[in-house]
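Descriptive analysis of the structure
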Amino acid sequence: MDVIILVGTWKPSYIRIFEKERKKEDASITTNIPKPYYSSATISSIKSSLFTSSSYRRCSEPYLVVASGATDVFAAMDANGKDDLKIPLLEPSDAVVLDIKPVRNVDHGVRTITFKIGGMECASCSTSIESVLQELNGVESAIVSALQGQAVVKYVPELVGVKAIKEAVEDAGFEVTEFSEQDIAVCRLKINGMMCTSCSESVERALSMVEGVKKVVVGLALEEAKVNYDPNVINTDRIVEAVEDAGFGAELIGSGNDGNKVHIKLEGIVSPDNMNMIKSSLESLNGVNHVEIDMEECKVTVGYDPDLTGSRSLIQFIQESCHYQASLYVPERRYETEKNHEIKLYRNQFLWSCLFSVPLLMFSMVLPMIPPYGNWLNYKLQNMLTVGMVLRWILCTPVQFIIGKRFYVGSYHALRRKSANMDVLVALGTNAAYFYSVYTVIKALISDAFEGQDFFETSTMLISFILLGKYLESIAKGKTSDALAKLTDLAPDTACLLTMDNNGNVISETEISSQLIQKNDVLKIFPGSKFPVDGVIIDGHGYVNESMITGEAIPIAKSTGDRVIGGTVNENGCLLIKVTHIGSETALSQIVQIVEAAQLARAPVQKLADRISRFFVPAVVAAALVTWLAWYIPGALGLYPKSWIPKAMDEFELALQFGISVLVVACPCALGLATPTAVMVATGKGATQGVLIKGGNALEKAHKVNTIVFDKTGTLTVGKPEVVSDVLFSEISMEEFCNLAIAVEANSEHPIAKAIVEHAKNKLLDHKSQIANNSVVKDFEEHPGAGVGCKVGDKTVFVGNKKLMRLSNVSVDPEIENYFSDNEKLARTCVLVAVDGKVAGAFAVTDPVKPEAVHVISFLRSMNVNSIMVTGDNWSTATAIAKEVGIENVYAEIDPLGKADRVKDLQARGKIVAMVGDGINDSPALVAANVGMAIGAGTDVAIEAADIVLIKSNLEDVITAVDLSRKTIARIHLNYVWALGYNILGMPIAAGVLFPFTGIRLPPWLAGALMAASSISVVCSSLLLQTYKKPFTYSK
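Computed from a predicted structure; not experimentally measured.

Moving on to the overall build of the protein chain. Within the protein chain, the regular secondary structure consists of 34 helices and 40 strands. Within the protein chain, the fraction of its 1036 residues that count as buried is 53%. Of the contacts made within the protein chain by residues no fewer than 6 positions apart, 70% connect residues no fewer than 24 positions apart. Summed over its atoms, the accessible surface of the protein chain is roughly 45,500 Å², and 55% of this surface lies on carbon and sulfur atoms.

This is the structure we're talking about:
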């Protein structure tokens, strides 16, 4: 009988369906292995092992089918499971292993794949292929056309992979062609020219309409777009063209293959053939993923796998094998360069506008009020045309059409895509003022009795104030990403590389660029220097300041074997480290990636601004038109006193000024900036405080949390259990007892297992006995929430709790029960060791409670947040720990899926639940919770499943995460008050509501200044989050 092993997070209902469908294969489902226990790399290794196994039959996601050789599978898992330790602390967001969330609803996440099928001769062929495909679990529908030789399959990628679909058709005897196994690629674009929310929506809409684009996220404040696309349908050049066709500038700043790459400058290149030869040579190297060449600059960019090669090796290869001079080239930071260019551009445009607007203001408002200095301005050149009118026209025109050209261009592109933005409002307002003024000039030229006032100063001052506002806004927006820039700057530019001989002696020391560091290099870190990359200390000891990464102010003692993080500071002592992670794999790089992704993600609260922006500009234009009519018609009919009309104006001019003021006082930009600027500042500030928040969605959900569920081991407790006692319940010797415990628990990664192994080894040393257990461990099996079991030689051994003993039909005597109860009262966990069906002995293990736990639970209670503990440990230990930290509600003896069920039960009662955990067994609950918080020292799977990562594993950061989210959402609401307040209060005043009663009116130039002020006030309001302080800090 075949053995089917399920890989992935399978619901019981799906397993039952699977069993039913596979009955005809006479295969039994013996094991359900949640994918989070093994990374995608490990599962791939398992598959590779099975390919060489004689028992192999089929190996594809989401299940493995092998013929009776289950031991081959477990051997592969046992051999490869250890490789998971090499995975970085924070996996990159585009890695396959990150997709671990269970399928909640099969209707969501359905993908479509189209491919050609050869060998079909009639309709019965297409029917048989459809039947084969529809039998696959996860295939929603399959349509096969015999006429076109094509199949269209809708499938759920969490349940079935594209490879399984292809194999199913081939197994049915048909040929598959034009089949794409790459589902999706990701690129990031820098978008230029976005002014407000309607602009970002236009970019999203333009990209979403392009064939092959799957998903688009545009960040207004970050001025970036993240595009998921099918590389077999469309390329990045076409994506950039689509943005440019929509009227915005676009530049590719990153793609899915940007993980680790090096830029190399070449010398001695004389022809394109030389570059192509170098490209071909590099592409043939093991570990090189892609090569891009720049013919004009003689530069080459190489993407590589850091486990197989490195930047120094690539440069050395070009020099020695290709015989060209090669050196490292460090490109300028594009974001900083472009941001500085934008600030400089707005500043220069503002200064140029002032060069014309200040004299114009003097000629129109100041000099006429200071006779006799202004009398010459009233000198008539022809009829009623004066010198002042001509001068104002001359000074205004360059501002209107040259400096203000950007508003015309923006308006054209906005109207072409059938939308409207701030550019449209500014262009309408300034054009109305300018062309009416031109009308007055022409009228004055041809009439000897015309008396009218021009508004050239209105148009000029309006553009000048808007440019001033944009200049100040760009400076303020640049500061919103200061925290991220500081994180990026943490790593030093150079490092001291040691060359060692085979005996470990130092041959030479060389200072190299940090970008030339490769894995397994040995670096020398001097006192006061920063660690350039992640590594492990191989010699020396000292104190390391990790405050810039974790927020922990107290330096941490480090010695041989301890991990260090790139960007942290070696306070004292000379340390030698061996490099473990470089480039995008370092903790610092991944923190930056998470923060960048968070700043790009759109918070749900942003939907309010999106909805308003759709009708905001058209509504403002309509309001301006109504305002003009409301003042002009009654004025023309004499319905209000002539005394209301200012001197040198008529009713048309007064109405026009009110209409223009309404146009320009309304600012859609402030609404669009209210949410993203606050999210940018908050996520950056959180990162510097040791709290990684994955986007505005996590922020918004966290501020509503009223219940927090804590895991026990490693979360409320230190997570490093210690064995405090051991006892024998049979005639077995202590040496044999310890040897058996070591043999079994050495195969487990559980913290308690490690503590038992360490204690048993120390015990054997105390007894002066040598560990010489050469018995082979076979049939090792983990029982989640209970323990482990296997065969050691000819003995059957189980190590775990009473639940495992019951499942294994091992009797527990009263003496053992008393030992259990006595230790559980002391918050100790008892681990039983059963040999051949009888309890041989037990270990009592304790895990100290974190010192800050009591204070954190108490502070959360003061924040009206209820705390609950869930654990797989026994009730007595769980109750004792809960009592010690002050938690009243406890769920014990819960397996991983049970934790997720408890979270769902709380949600069903109307609670907004946050889950705090650190282990693989917490990942289902982290996903199920409204907000998942992962302890940074925990596993990669838990970190990826979470919405918030607590880098330094300190419980006080749970308070920080909740409090920061509350402060941020409150700040966003305040930003909306600022943004809407300006518009709600400014528009009625601009429309002249107060004018009949108080004589107060808002001139267009002042309305423009207020519009600029609204955006500046929103950004400055968000910047106040930079002053955020932790509400609670534990001190021993």
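Contact geometry of helix H13 (residues 422–446) with helix H19 (residues 651–665) gives a least axis separation of 8 Å together with a crossing angle of 160 degrees. The pairing of H13 with H19 is recorded here as roughly antiparallel in orientation. Regarding H13 and H19, the two cross each other, and that crossing is left-handed. Here Leu425, Leu428, Gly429, Ala432, Ala433, Tyr436 and Thr440 of H13 lie close against H19, whose contacting residues are Phe652, Glu653, Leu656, Ile660, Leu663 and Val664. Considering only residue class, the contact of H13 with H19 consists of ten nonpolar, two polar and one charged.

What follows covers the sheet that holds strand E37 (residues 889–891). A sheet is described by the order of its strands in space; here seven strands give the open sequence E28-E40-E39-E38-E29-E36-E37, paired in mixed fashion. Each edge of the open sheet carries a strand with a single partner, namely strand E28 (691–693) and E37. Strand after strand, the sheet turns through a mean of 20 degrees between neighbouring axes, direction not considered. Across four bridges, the pairing between strand E29 (residues 707–711) and strand E38 (residues 913–917) is parallel. The partner of phenylalanine 710 across the bridge, within E38, is valine 916. In the packing of helix H32 (residues 956–990) onto the sheet, contacts are made with E28, E29, E38, strand E39 (931–935) and strand E40 (948–950), and the angle to E28 comes to roughly 40 degrees.

Right, let's get into H32. Its 35 residues place the ends of H32 50 Å apart at the C-alpha level, agreeing with the 51 Å of an ideal helix rising 1.5 Å per residue. The largest bend along H32 reaches roughly 30 degrees and is located at leucine 980. One or two positions beyond H32, positive phi appears at glycine 992, with a value near 90 degrees.

What follows deals with the pairing of strand E32 (residues 787–792). Judged by how many residues are buried, E32 sits mostly within the fold: five of six residues are covered. As defined by bridge partners, strand E31 (residues 777–783) adjoins E32 across five bridges and the pair is classed as antiparallel. Across the sheet, the residue bridging to glutamate 781 is glycine 789, located in E32. Where E32 meets strand E33 (residues 795–800), six bridges bridge the pair, whose relative direction is antiparallel. Considered in E33, the bridge of valine 788 is made with valine 799. In this structure, the hairpin formed by E32 and E33 is closed by a connection of two residues, where glycine 793 is found at a positive phi of approximately 65 degrees.

On the secondary structure map, glutamate 781 appears in strand E31. By relative accessible area, which is 46% here, glutamate 781 ends up partly exposed. Along the sequence, glutamate 781 and phenylalanine 798 sit 17 residues apart, while their C-alpha atoms lie 9.6 Å from each other. Not counting residues up to four positions away in its chain, the partners in contact with glutamate 781 are Gly787, Val788 and Gly789.

On to the nonpolar core. In terms of nonpolar packing, the biggest core is built from 119 residues, with Ile708, Phe710 and Ile948 touching the most fellow members. At eleven residues, H32 tops the list of elements feeding residues into this core. What phenylalanine 710 contacts, discounting residues up to four positions off in sequence, is Thr715, Leu716, Ile857, Leu860, Ser867, Ile868, Met869, Val870, Ile887, Val916, Leu955 and Val958. Counting 36 residues, the second largest nonpolar core, distinct from the first, contains Ile278, Val288, Val300 and Ile318.

To continue, consider the sheet that holds E31. Spatially, six strands are ordered E30-E35-E34-E33-E32-E31 in an open sheet, and the strand pairing comes out antiparallel. In the strand order of this sheet, the two ends are held by strand E30 (722–728) and E31, each with one partner. Within this sheet the neighbouring strands show an average axis-to-axis angle of 15 degrees, counted without direction. The pairing of strand E34 (residues 829–835) with strand E35 (residues 838–846) spans seven bridges and is classified as antiparallel. When the bridges of E35 are listed, leucine 832 appears paired with alanine 842.

Turning our attention to the pattern of salt bridges. Taken as a whole and judged by the stated rule, the model has 13 salt bridges. Taken together, the shared-partner salt bridges in this structure form one network comprising Glu956, Asp957 and Lys1030.

Below, the discussion takes up the confidence of the model for the protein chain. Of all residues in the protein chain, 81% have pLDDT values of 70 or greater, and the mean over the chain is 78. Scored below 50 in pLDDT, residues 6–108 shows 197 contacts in the model against residues more than four places distant or in partner chains. Contacts from residues 768–773, a stretch scored under 50 in pLDDT, to residues over four places away or in other chains number eleven contacts.

Let's shift gears to the packing of H32 against helix H34 (residues 1004–1023). The relative placement of two packed helices comes down to the angle between their axes together with the axis-to-axis distance. In the contact formed by H32 and H34, the axes pass within 9 Å of each other and the chain directions differ by 175 degrees. One way to sum up the angle between H32 and H34 is to call them roughly antiparallel. Facing H32, whose interface residues are Arg971, Leu974, Asn975, Trp978, Ala979 and Tyr982, H34 presents Leu1010, Ala1013, Ser1014, Ser1017, Val1018, Ser1021 and Ser1022. Of the residues assigned to the contact of H32 with H34, the class counts are seven nonpolar, five polar and one charged.

Scanning the entire structure with this criterion turns up 20 aromatic pairs. Ring geometry for tryptophan 631 and phenylalanine 658: centres 4.5 Å apart, planes at 25 degrees, overall stacked. With tryptophan 631 in helix H18 (residues 606–636) and phenylalanine 658 in helix H19, the pair connects residues that are 27 residues apart, well separated along the chain. Under the relative-accessibility criterion, tryptophan 631 is labelled buried at 9%. Judged by its relative accessible area of 2%, phenylalanine 658 falls in the buried class.

As a further point, take the environment of leucine 468. The residue leucine 468 is located in helix H14 (residues 456–480) in this model. Accessibility expressed as a relative area gives 25% for leucine 468, which makes it partly exposed. Between the C-alpha atom of leucine 468 and that of serine 353, which follows or precedes it by 115 residues, the distance is 9.6 Å.

Cut-offs and rules
- Residues numbered from 1 in each chain as written.
- Predicted model: local features only at pLDDT ≥ 70, side-chain atom pairs only at ≥ 80, totals over all residues.
- Heavy atoms only, no water.
- Helix = DSSP H or I, 4+ residues; strand = E, 2+ residues; numbered from the N terminus.
- Buried < 20%, exposed > 50% of the residue type's maximum accessible area, 1.4 Å probe, protein only.
- Contact = heavy atoms within 4.5 Å.
- Areas by Shrake-Rupley, 256 points an atom, 1.4 Å probe, with all protein chains shown as cover.
- Axes fitted to C-alpha atoms, helices over the stretch in contact; angles between N-to-C directions.
- Parallel < 35°, antiparallel > 145°, perpendicular 65-115°, else oblique.
- Left-handed = near helix turned anticlockwise from the far one by under 90°.
- Nonpolar A, V, L, I, M, F, W, Y, C, P; charged D, E, K, R; others polar.
- Pairing = 2+ DSSP bridges.
- Expected span 1.5 Å × (residues − 1).
- Bend = angle between axes of the 7 residues up to and from the residue.
- Core = buried A, V, L, I, M, F, W, Y, C linked by side-chain atoms within 4.5 Å.
- Salt bridge = Lys/Arg side-chain N within 4 Å of Asp/Glu carboxyl O.
- pLDDT = per-residue confidence, 0-100.
- Phe/Tyr/Trp six-rings, centres within 6.5 Å; stacked < 30°, edge-to-face > 60°.

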